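The primary structure of each chain is shown beneath.
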Protein chains: 2
Amino acid sequence: MDQDRPAGPGLRDRFRAQVREETKQEALRQLADGGPAALSLNAIAKHLGVSGPALYRYFANRDSLLTELIIDAYHDLAAALDEARRRPPGGLRPLVRAYRAWAVAEPHRYRLLFRAPLPGYDAHAERLVEASRLAMRVVVDVVVEVARDFPPVLPAVRDDRLAAQLERWARRHDLTDVPTGAGLAATALWAWLHGLVSLEIEGNFASMGLDPAPLYDADPAGVVAALTA
Amino acid sequence: MDQDRPAGPGLRDRFRAQVREETKQEALRQLADGGPAALSLNAIAKHLGVSGPALYRYFANRDSLLTELIIDAYHDLAAALDEARRRPPGGLRPLVRAYRAWAVAEPHRYRLLFRAPLPGYDAHAERLVEASRLAMRVVVDVVVEVARDFPPVLPAVRDDRLAAQLERWARRHDLTDVPTGAGLAATALWAWLHGLVSLEIEGNFASMGLDPAPLYDADPAGVVAALTA
DNA sequence: AGCGTAAGTTATACCTTCTAACTAACGAAA
DNA sequence: TTTCGTTAGTTAGAAGGTATAACTTACGCT
């Protein structure tokens, strides 16, 4: 009789999860060499040893698969940043290093994060914004934490309109204890990092013969200060 | 007899140029709504009233058309920056404004600039790097010009390796009169701008309810200083 | 006036996404 | 244990994409 059946998901569900996972793995491989254009449900199916339309039992369509990959990537990045946050040498530098390291290690996934949803209404847009908030949340947390020990990193928000927007943003996401300066600092930090990382992984520095490493060594607090001046 | 034939390109060549131009126009339209994935030679041909394969007389393949659009975009951006440079209120601010304005006005073209050539060797890579240099050249020129009136904008290049790389880069591109600091400053400026612009046109600020305008108002010289510290 | 080249045509091979209709098999419940 | 619904797979096929091949028309230069 029902001896030690692990009351959780049944066999079927577990198999389903397994197939979905393998599909995503192969999708990432295709993405890595060939970019989003090269991602083909058909080819993945062939690789898994099933026939084309079979995969549509697992993903509604190509876009759906892509969306999941993006969300996974956001979660992964957020986790990487969070881990950097927990580790000893506090401050903003570990965050900077972790952000760059993640992007450089998986440029195809990083690129995915900034594929704007197609113009017009996109059914997946909400889920994507939701996922992106996770990563932003970590950045904000680190900024708040650092600001606790070293208040000057929190820039003054000179622009009133901007202050109001930041406040609304914080309220909307249960960040009521977060000062507007922290939101601004996090945003500035993000823009700086994204600029560097993006140029790096697209090869713009490489094509100039430059190693961008020194550019990441700038003092993050100083950068935030300058960017929000 | 050959009366006033404008010795330039013959009728045939002019027609050819015309068709190519119209093709690109339509391609840009498709790009604007639908992204690169939606660009279809077939559809363009139909729109021009010819049948599919006809366009292959004008563009070797889809990728070839895309590459030309990218190169055009680089030229256009370079021209926009150059115009900003020539206009009265000197300094870096007009450059910043022009960069943002161009990107925001044509986000689909701006995005094109940063589509990394596919992994592995890409036949078009050289032409693209060549075109991108044009835009970079303008930025460098402005920095050099500004530095003439206000030397402190030129950061000291602390890292020796970086200094050597910058020097090689300058030498390779006939920028022998350009101090390494200018190259570094231009790069930093570019990274900053790209970070902001990229997040703006991908809707990351909008999804937070933020108007990024104030972020562009930071003092460019200060930003350069902080980024290259 | 004629001829070579360029520009268009259709046909075709092969890829893609995705729907429809059908079948096999799993697993839970009678 | 046997039944029966759900699920996962199948093939067929529509619609559309890239790109090549082979053929035909017609432009425009000599």
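Look up: the structure comes first, before these words.
These figures come from a predicted structure and were not determined experimentally.

## Describing the overall build of chain A
Secondary structure summary: chain A contains nine helices and zero strands in total. When the helices and strands of chain A are placed in sequence order, the string is α-α-α-α-α-α-α-α-α. When the backbone C-alpha atoms are referred to their principal axes, chain A occupies close to 60 × 55 × 40 Å. Relative to its full complement of 229 residues, chain A shows a buried share of 48%. Within chain A, counting contacts between residues at least 6 apart in sequence, those at least 24 apart form 71% of the total. For chain A, the exposed surface amounts to about 11,700 Å²; the carbon and sulfur share of it is 53%. In chain A, the 28 positive side-chain charges and the 30 negative ones have mean positions that sit 3 Å from each other.

## Digging into the protein's contact with DNA strand D
Around DNA strand D sit 21 residues in total, of which Arg57 and Tyr58 of chain A together with Asn42, Tyr56 and Arg62 of chain B are the nearest. Among atoms of DNA strand D positioned within 4 Å of the protein, sugar and phosphate together represent 63%. Measuring from a phosphate oxygen of DNA strand D, one finds a side-chain N or O atom of Tyr58 of chain A at 2.4 Å. Take Leu41 of chain B: an N or O atom from its main chain is 2.8 Å from a phosphate oxygen of DNA strand D.

## Things to note about the packing of aromatic side chains
Counted under the stated rule, the structure contains six aromatic pairs over all chains. Relative to Tyr110 of chain B, the ring of Tyr99 of chain B has its centre 5.7 Å away and its plane inclined at 80°; by these criteria the two rings are edge-to-face. Taken together, the residues span a long stretch of sequence, with Tyr99 of chain B in helix α4 (residues 93-105) and Tyr110 of chain B in helix α5 (residues 107-113) at a distance of 11 residues. Classification of Tyr110 of chain B by relative accessible area gives buried; the value is 1%. Relative to Trp190 of chain B, the ring of Phe114 of chain B has its centre 6.3 Å away and its plane inclined at 40°; by these criteria the two rings are tilted. One end of the pair, Phe114 of chain B, is in the loop between α5 and α6 (125-149); the other, Trp190 of chain B, is in helix α8 (residues 180-201), with 76 residues separating them in the sequence. Considered together, Phe114 of chain B and Trp190 of chain B belong to a single accessibility category, that of buried residues. The rings of Tyr99, Tyr110, Phe114 and Trp190 of chain A are connected pair by pair, giving a single aromatic cluster.

## A look at a positive patch on the surface
Taken together, the side chains of Arg62 and Arg115 of chain A together with Arg62 and Arg115 of chain B make up a positively charged region of the molecular surface. Tracing the chain through its elements places Arg115 of chain A in the loop between α5 (107-113) and α6 (125-149). The partly exposed category is assigned to Arg115 of chain A, whose relative accessible area is 39%.

## A short note on the interface of chain B and chain A
With 45 residues of chain B in contact, the opposing surface of chain A contributes 45 residues. With both chains or domains summed, chain B and chain A bury close to 3,700 Å², and 68% of this area falls on carbon and sulfur atoms. On the chain B side of the interface with chain A, the three residues burying the most area are Leu199, Met208 and Leu227 of chain B, jointly 15% of the side's total. For the pair chain B and chain A, the number of links is two salt bridges. Here Arg161 of chain A ties to Asp211 of chain B by a salt bridge, and the two come within 2.7 Å at their closest N and O atoms. At the surface where chain B touches chain A, the tally comes to six residue pairs in polar contact (both at pLDDT 80 or more). Elements represented by at least two residues in the side of chain B that touches chain A include exactly α6, α7 (160-172), α8 and α9 (220-227) of chain B.

## Describing the packing of helix α4 (residues 93-105) of chain A against helix α8 (residues 180-201) of chain A
The description of two packed helices rests on the angle between their axes and on the distance between the axes. Residues and elements named next belong to chain A. At their nearest, the axes of α4 and α8 sit 10 Å apart, and the two run at 35° to each other. The crossing of α4 and α8 is right-handed. Contacts from Leu95, Val96, Tyr99, Arg100, Ala103 and Val104 of α4 reach α8 at Leu189, Trp190, Trp192, Leu193, His194, Val197, Glu200 and Ile201. For the contact of α4 with α8, the residue count by class is 11 nonpolar, one polar and two charged.

## With respect to the relation of the copies chain B and chain A
Here chain B sits on chain A after a turn of 180° about the axis and a move of 0.0 Å along it, with an RMSD of 0.0 Å. In the structure described here, the two chain copies are related by an operation that fits a two-fold rotation axis. Of the C-alpha atoms belonging to chain B, the one lying closest to the rotation axis is found on Gly195 of chain B, 1.8 Å away. When the interface residues of chain B are mapped onto chain A, 100% of them are again interface residues, pointing to one common binding face.

How each quantity is defined
Residues numbered from 1 in each chain as written. Chains lettered and ligands numbered in written order. Predicted model: local features only at pLDDT ≥ 70, side-chain atom pairs only at ≥ 80, totals over all residues. Heavy atoms only, no water. Helix = DSSP H or I, 4+ residues; strand = E, 2+ residues; numbered from the N terminus. Buried < 20%, exposed > 50% of the residue type's maximum accessible area, 1.4 Å probe, protein only. Contact = heavy atoms within 4.5 Å. Areas by Shrake-Rupley, 256 points an atom, 1.4 Å probe, with all protein chains shown as cover. Lys, Arg positive; Asp, Glu negative; His and termini not counted. Charge placed at Lys NZ, Arg CZ, Asp CG, Glu CD. Near = heavy atom within 4 Å. Polar contact = N/O pair within 3.5 Å; in protein donor to acceptor, adjacent residues only side chain to side chain. Phe/Tyr/Trp six-rings, centres within 6.5 Å; stacked < 30°, edge-to-face > 60°. Patch = residues over 30% accessible without salt bridge, like charges linked within 9 Å, V, L, I, M, F, W, Y side chains within 5 Å. Salt bridge = Lys/Arg side-chain N within 4 Å of Asp/Glu carboxyl O. Buried area = accessible area lost by both parts, 1.4 Å probe. Axes fitted to C-alpha atoms, helices over the stretch in contact; angles between N-to-C directions. Left-handed = near helix turned anticlockwise from the far one by under 90°. Nonpolar A, V, L, I, M, F, W, Y, C, P; charged D, E, K, R; others polar. Least-squares fit on C-alpha atoms with pLDDT ≥ 70 in both.

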